[in-house]
Every structure is written in C-alpha cells, then in structure tokens.
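Next come the chains, spelled out residue by residue.
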Amino acid sequence: MRYSEYFLPTTREIPADAELASHIYCLRAGLIRKVASGIYIFLPLGMKVLQKIETIIRQEMNAKGAQEVLMPVLQPKELWEKSGRWTEYGPEMMRLRDRHERDFCLGPTHEELITSTVDAEIFSYKKLPLHLYQIQVKFRDEIRPRFGLLRGREFIMKDGYCFCRNQKELEVIYQQMYEAYARVLERCGLDYAVVEAESGIIGGEVSHEFVVLADAGESELVLCPGCGYASNAELAHFSWTTIPDREDMKEAALVETAGIKTIEALAHYLSVEPKKTIKTMLVQEGKNIFAILIRGDRELSLAKSARHLRRSIGLVEQDTLNAHPEIRMGYVGPFGLNAIPILADLELKESQNMVIGANRDNFHMVNANVGRDFQVDEWGDFTYPVWGDKCSKCANELEFKRGIEVGHIFQLGTKYSKSLGATFIDEDGQSQNFVMGCFGIGVTRLLASIIEQKHDERGIIWPVSVAPFQVIILLLNPTNNRQREAAEHLYEIFQKHGLEVLLDDRDERAGVKFTDAELLGIPFICLIGNKLEREGLVEVKIRESGDSFELPLEGVVFRIQEIMGNQERGIQVDKGDTF
Ligand code: ATP
Ligand code: MG
C-alpha cells in the first residue's frame, strides 16, 4: 500500500474526553473516528487490525470445533419476553419499533436467539454437543460509554454458545474455551490473567474472566506471585496479616465522639489503630436491611456480601432508613437493631477490645468484645484484601494489579434452556433441557487493550501478529531518483515475500514521516535516505526495542523475516497463518 493513496488521516488533535492511551492513539493514528458517544467508524488501518484479531479468534474457535454462524442484530421482543429479560435488561437494551408497531431490540447479547434456533432444529442427543459462535456487533446503551473502544455502545464481540447433554460435556467444552481464549491473548502478545469471576448471585455456576493487565483498566485484580492464584479483588480469598495480639478483655465503656465522621478521625481521637475499630455497613435487598461488621480499615465487598446472602443487594438507601428510626447513622453499631440480621467478617472472630458504634447519637463503645458486648448472627467473608494480606493457598504476600476484562466464559447450565423451554430427547428417551455454556470476547475492546498495554509516549507498538502492516518504508526524499528507485525496489521485494508493507511516498518532511511511523506502531521501519545514496544501506529500526541496524537493500527482507521468526517461535501458530 502506498501511503499517498491510503485513507490514513493521522492527527495531533486529542479530544478532551480522550484520557487513555488506547483512545488517544486510536484517534491519532487514524484507526477510528467518533460518530456519537460510544459509536465509532473503523477507518482502513483500524479495519486491518480488527480483521487480524478476528482471524486469530476464528482460527482458535474453529480449531476447537466451534462452528461460525451470523445472527441478526435486530431481535423480536417476544423471544426476550419468554426469557424474562425484556424487562430485566433495563435501559442498557436499545429498543425500537417497526412500521407495524412491533417491538424489537438491538441485541446486547444472543442467548435467546441461539437457544430458540437450536431448540427448533435439534431434537436428539445424537446431535450434541453443539458449539456455535459468531463475530457480530452488539448494542448496549452503557450508562457511561467511555475510554473509546473499551466501553462503547456499539461494539464487536465474538460470542459463542454450546449446547450439551450434561454437565460433564459442558465442562469439556468450557476447558477448551479456556485454552482457546488463553491462546488468543498469547497470540496477540498480551500479558494477562485469568480470574474466577462473579457468576450471578443465585447458583454456583462457574465463570472466568480473561483480564489484560493494564494500569488504566477498570478491573481490580489480586495475584499471588507464589502459586499463581488470581482473582477479582472483590472476590479474592486471602488470609489476614494480623494475628490479633491476645490481651485481656478490658471493661467496655461508652465514649462521646460527637462530630467524628471517619474511621481515621475516630482512631486518631481515641489513639487506636484503625484496625482496632469495627465499622457497621448496612446493605439492603428490597426493604430488608442487613448489618455487616467489618474491620474499620477494610472495605466491604458487595460481591462477596451478595454471594454470602444469595441475594441481589446494594448499599442501604435513605428511603429505606426512614422506616428505621432505631438506626443511628454515623454511630450505627450492632446494638438495638431489632430484627436486622447482624453478619460479621470472620476476621473479627478473634478480635478483642475493639471500638464500635454504639448506635446512639454521638457515642461509640470502646473495648467492645464479640460474644460479651455484642452478638453476631452469621460469620462470613465480606471484605477486599489490602496490601500486606497473604494468599490463602500458599501464604505468599498478594500483589495488586489492574486490568481490562476482555473475555468472559460461563457455565450457564440450564438457565436459558429452562426459561425458553429448549429441550432434547436423551439416550433414555427422556426430555431434557440443554446444558449450556456461553463464551464472549470483546473484539474491539481487545484491539484497544493491545494498545493500552503496548505503547510508549510516541505511539502504538503493535505486536507483529496483529500489526496492520509489518513493515513501513520511509522514502525520505521522494524527489531524489535513486532513493525513489530503491524504495520502490524494496517495496516489491517485501510484497514478493508476502510481507504487508506500507510505502511512505508522501511529499512530507522526513521528520513528519518518522513521527507518523512511530505513531502508527508498525514493527519495522526502513529508512531510505542519504545513507542509501552514499553507502547503499537501508537503516532498519525496530519499533518495540528501538534497536536499529543497517543492511544493503537485498538483505533487509531476510533479516526482518528472521527476527519475526524468532519472535514467533515462543508461540505455536496454526499452519497457513501469516503472523
Ligand atoms: P463489563 O463488566 O465491562 O460491562 P460485561 O460483563 O458486561 O463487561 P459480557 O457481557 O461478559 O461483558 O461481555 C463479554 C465481553 O464483551 C466482555 O468481556 C468485553 O470484552 C466485551 N464488552 C462488554 N461490554 C462492552 C462494551 N460496552 N464495549 C466494548 N466491549 C464490551
Ligand atoms: Mg457490562
């Protein structure tokens, strides 16, 4: 491709809402342009990367026997009413009406459609298991579309669904998808973690998230450098650092703490460490309140709390509190809470002589001891780990990282096959619901995640596997005939050897070309300039390492192929796959 003919508008303008590198570089390097909030056009360069990522995903899905389909974006309301999700999905679902007054949605996901399709065609266990996938646009009217492609309203996802006879069969496919997703991320050159994820509140289904490590990511992760344990921070298991010092129980007393609003202020005022305080968190499901006691210096995990309570909960709201005059906000504690169940974090079981809200205006209790001064109805695991906490499996100190969730695999069981009445006849002639799994990987989010992890202050650093071009030739002075001839010759050689090459033949200053080449992130930059004229040499710069070397024209392609080969060697690539 010749740059002079290519629709590749690079820009220095950065819109105010672009904060993350991936967002900024997607715009600056001419991969995308914004149409409306969370909605983008892919320009040719972005399209090229997108197609490479899709090819990698397709190869890995096909290798595991999944079959590609394409479902429509527009889906009739009736299907979603059957599963109960027409109302459940809420405002994130984009809805519209056709000229006959029939309701439709723009699919935020495709469980309903695929399940009803399979149900209509598959009657016997003999045709199972079946694993179908598509690469298709999804619409979700996100409350806060942001970070460019990372959280769009229209985005591309590979979503796959498997239909199995039983749990055992599902587990085999689940494991295959686990491996396939890992390979996709490895082939994209990414550093990632696989974490056990929240899998819905009711039921113990298994689910894992694939998270690309990046400081700007929205997911908080906890990793153990010792045994490799990885989890979302909100669900992480850990063992506590502080084995409480055994001390004698002291006499409890009420102290006045008027106007003290925070744990830090309370600890300071009473000259105790924050970890010697207990805070009482209130959560609610509907109008039912639950009190959860946790150590003052820790944070409540709503995900763990929901899992423990097996309910969908949120922090208590003022409306709910209005009906409970016995709750003294600011001083709330496990005293006189009437019918409100009191739960407590297991960490507090051994605690002694703690400071706790007295549930009386302007008062806390000091030297409070569980069992003596207050009672707990249920113990559980309710908090986030903090720096210094240890792995519950191997006792190494846990590490904290951030990342971007790019993939989510899920053992659904019979959730949708039951609600949609999707069945098959088993070996014994009995009607059974399909046992299902679903597997999603965000293609456009993956593209942005690669940039998020692989960039520097000058631009993108594409791994060869997904780079839009492997090589860019910079013809530094297009009016110089020798340079032009050499550049054209090199351009031909690369093409002959099956490399994707961009020839920057624009009428621009050398500095502009070099800056653009670095911004675009093409792995190998070949400079044709004075060096060529004087010594017949091409300078090749490797974008990632910044290393450069000089070679005669004819030798360049072999050297680049050699380096690419070395880079690829760590990763097994399917036959027929050109990087
Ligand atoms: P999130 O928690 O980030 O909203 P999700 O749990 O809603 O994600 P899933 O329904 O599991 O996401 O979708 C599967 C994959 O689709 C995600 O792992 C992600 O890669 C991608 N995805 C989801 N929402 C978006 C979005 N708004 N923009 C881009 N990609 C998305
Ligand atoms: Mg979401």
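Residue positions are counted from 1 within each chain, in the order its sequence is given. To read the labels, note that chains go from A and ligands from 1, taken in the order they are written. Reporting in this predicted model follows two pLDDT cut-offs: at least 70 for local features of residues, and 80 or more for side-chain atom pairs to be given and counted; totals over whole chains, interfaces and linings ignore these cut-offs and use all residues. Remark: hydrogens and water are excluded; side-chain values derive from all non-hydrogen atoms of the structure.

Residues of the protein with pLDDT of at least 70 account for 96%, and the chain-wide mean is 93. The score called pLDDT rates the predictor's confidence residue by residue, from a low of 0 to a high of 100. Whether two residues are in contact is decided by their heavy atoms: any pair within 4.5 Å suffices. Predicted confidence for residues 571-579 stays below pLDDT 50, and this span has 17 contacts to residues more than four positions away or in other chains.

The next point concerns the pattern of salt bridges. The rule for a salt bridge is simple: a side-chain nitrogen of Lys or Arg has to be within 4 Å of a carboxyl oxygen of Asp or Glu. Using the criterion set out here, one finds 43 salt bridges in the structure. In this structure, glutamate 169 and arginine 165 form a salt bridge, with 2.7 Å as the shortest nitrogen-oxygen distance. A 1.4 Å probe rolled over the protein chains alone gives each residue an accessible area, and that area as a share of the maximum for its type sets the label: buried under 20%, exposed over 50%, partly exposed in between. You can call arginine 165 partly exposed: its relative accessible area is 28%. Overlapping salt bridges bring together Lys77, Glu81, Arg97, Glu101 and Asp103 as one network.

Moving on, we come to the site of ligand 1. The rule for a residue being near a molecule or strand is that one of its heavy atoms must lie within 4 Å of it. For ligand 1, the set of nearby residues contains 14 residues, the closest of which are Glu142, Arg151, Gly152, Glu405 and Val406. Under the rule applied, a polar contact is a pair of N or O atoms within 3.5 Å (in protein, one hydrogen donor and one hydrogen acceptor; residues adjacent in sequence only if both atoms are side-chain atoms). The side chain of arginine 151 places a nitrogen or oxygen atom 2.7 Å from an oxygen atom of ligand 1. Glycine 152 places a main-chain nitrogen or oxygen 2.9 Å from a nitrogen atom of ligand 1. By the criteria applied, helices consist of DSSP H or I runs no shorter than four residues and strands consist of E runs no shorter than two, each listed in order from the N terminus. Of all the secondary structure elements, the ones that give two or more residues to the shell around ligand 1 are β8 (154-164) and β21 (399-413). It is β21 that provides the largest number of residues to the shell around ligand 1, a total of 4 residues. When residue character is reported, Ala, Val, Leu, Ile, Met, Phe, Trp, Tyr, Cys and Pro are called nonpolar, Asp, Glu, Lys and Arg charged, and the others, Gly included, polar. A per-class count over the shell around ligand 1 returns 5 nonpolar, 4 polar and 5 charged.

A few words now on the nonpolar core. To qualify as a nonpolar core, a set must consist of buried Ala, Val, Leu, Ile, Met, Phe, Trp, Tyr and Cys residues joined through side-chain atoms within 4.5 Å. With 76 residues, the main nonpolar core has Leu446, Leu447 and Trp462 as its most contacted residues. In terms of residue count, the dominant contributor to this core is helix α6 (residues 167-187) (9 residues). These domain limits were set by an automatic method or by a database of domain assignments. When residues of this core are sorted by domain, at least three fall in each of domain 1 (3-191 + 410-452) and domain 3 (469-567). Sequence-distant contacts of leucine 446, that is, excluding residues within four places in its chain, are made with Ile53, Ile57, Val184, Leu185, Cys188, Leu190, Val406 and Ile441. Within the second largest apolar cluster, 28 residues are counted, among which are Leu499, Phe524, Val538 and Leu553.

Mapped onto the elements of the fold, glutamate 154 is located in strand β8. With relative accessibility at 33%, the residue glutamate 154 sits in the partly exposed group. A sequence separation of 233 residues divides glutamate 154 from tryptophan 387, and the C-alpha atoms of the two residues are 37 Å apart. If we skip the residues at most four places from it in the chain, glutamate 154 touches Gly38, Ile39, Val137, Lys138 and Phe139.

Let us now look at the packing of helix α1 (residues 21-28) against helix α11 (residues 443-453). Axis lines are fitted through C-alpha atoms, for helices just across the contact stretch, and the angle between N-to-C directions can take any value from 0 to 180 degrees. Two elements in contact, α1 and α11, have axes separated by 8 Å at closest approach and are oriented at 105 degrees. Taken together, the axes of α1 and α11 are roughly perpendicular relative to one another. In this structure, α1 contributes Ala21, Ser22, Tyr25 and Cys26 to the contact, and α11 contributes Leu447, Ala448, Ile451 and Glu452. Orientation categories follow fixed angle ranges, with anything under 35 degrees roughly parallel, anything over 145 roughly antiparallel, 65 to 115 roughly perpendicular, and all other angles oblique.

Further remarks concern the packing of helix α2 (residues 44-63) against α11. The angle between the axes and the distance between the axes are what describe a pair of packed helices. Where α2 meets α11, the closest approach of the two axes is 10 Å, and the angle between their N-to-C directions is 110 degrees. By the angle between their axes, α2 is roughly perpendicular relative to α11. Here α2 runs over α11; the crossing is right-handed. Counting all contacts with α2, which are made through Gly46, Val49, Leu50, Ile53, Glu54 and Ile57, the residues of α11 involved are Val443, Thr444, Leu446, Leu447 and Ile450. Its residues assigned to classes, the contact of α2 with α11 comprises 8 nonpolar, 2 polar and 1 charged. Rotating anticlockwise by less than a right angle from the far helix to the near helix defines a left-handed crossing, while the corresponding clockwise rotation defines a right-handed one.

By domain assignment, the protein separates into domain 1 (3-191 + 410-452), domain 2 (253-380) and domain 3 (469-567). Computed from C-alpha atoms alone, the centre-to-centre distance between domain 1 and domain 3 is 38 Å. Counting residues at the interface gives 12 residues for domain 1 and 12 residues for domain 3. Throughout, the accessible surface (probe 1.4 Å) given up by two parts as they are put together, summed over both, is called the buried area. Together, the buried faces of domain 1 and domain 3 total about 1100 Å²; carbon and sulfur atoms form 64% of this surface.

Before going further, it helps to spend a moment on the sheet that holds strand β6 (residues 103-106). Here a strand pair is declared whenever DSSP counts at least two bridges between the two strands. Spatially, 3 strands are ordered β4-β6-β5 in an open sheet, and the strand pairing comes out antiparallel. A single partner strand is all that each edge strand has here, and the edge strands are β4 (74-76) and β5 (94-97). Across the sheet, the mean angle separating the axes of adjacent strands is 35 degrees when strand polarity is ignored. Sheet analysis places β5 next to β6, joined by 4 bridges and oriented antiparallel. When the bridges of β6 are listed, methionine 94 appears paired with leucine 106.

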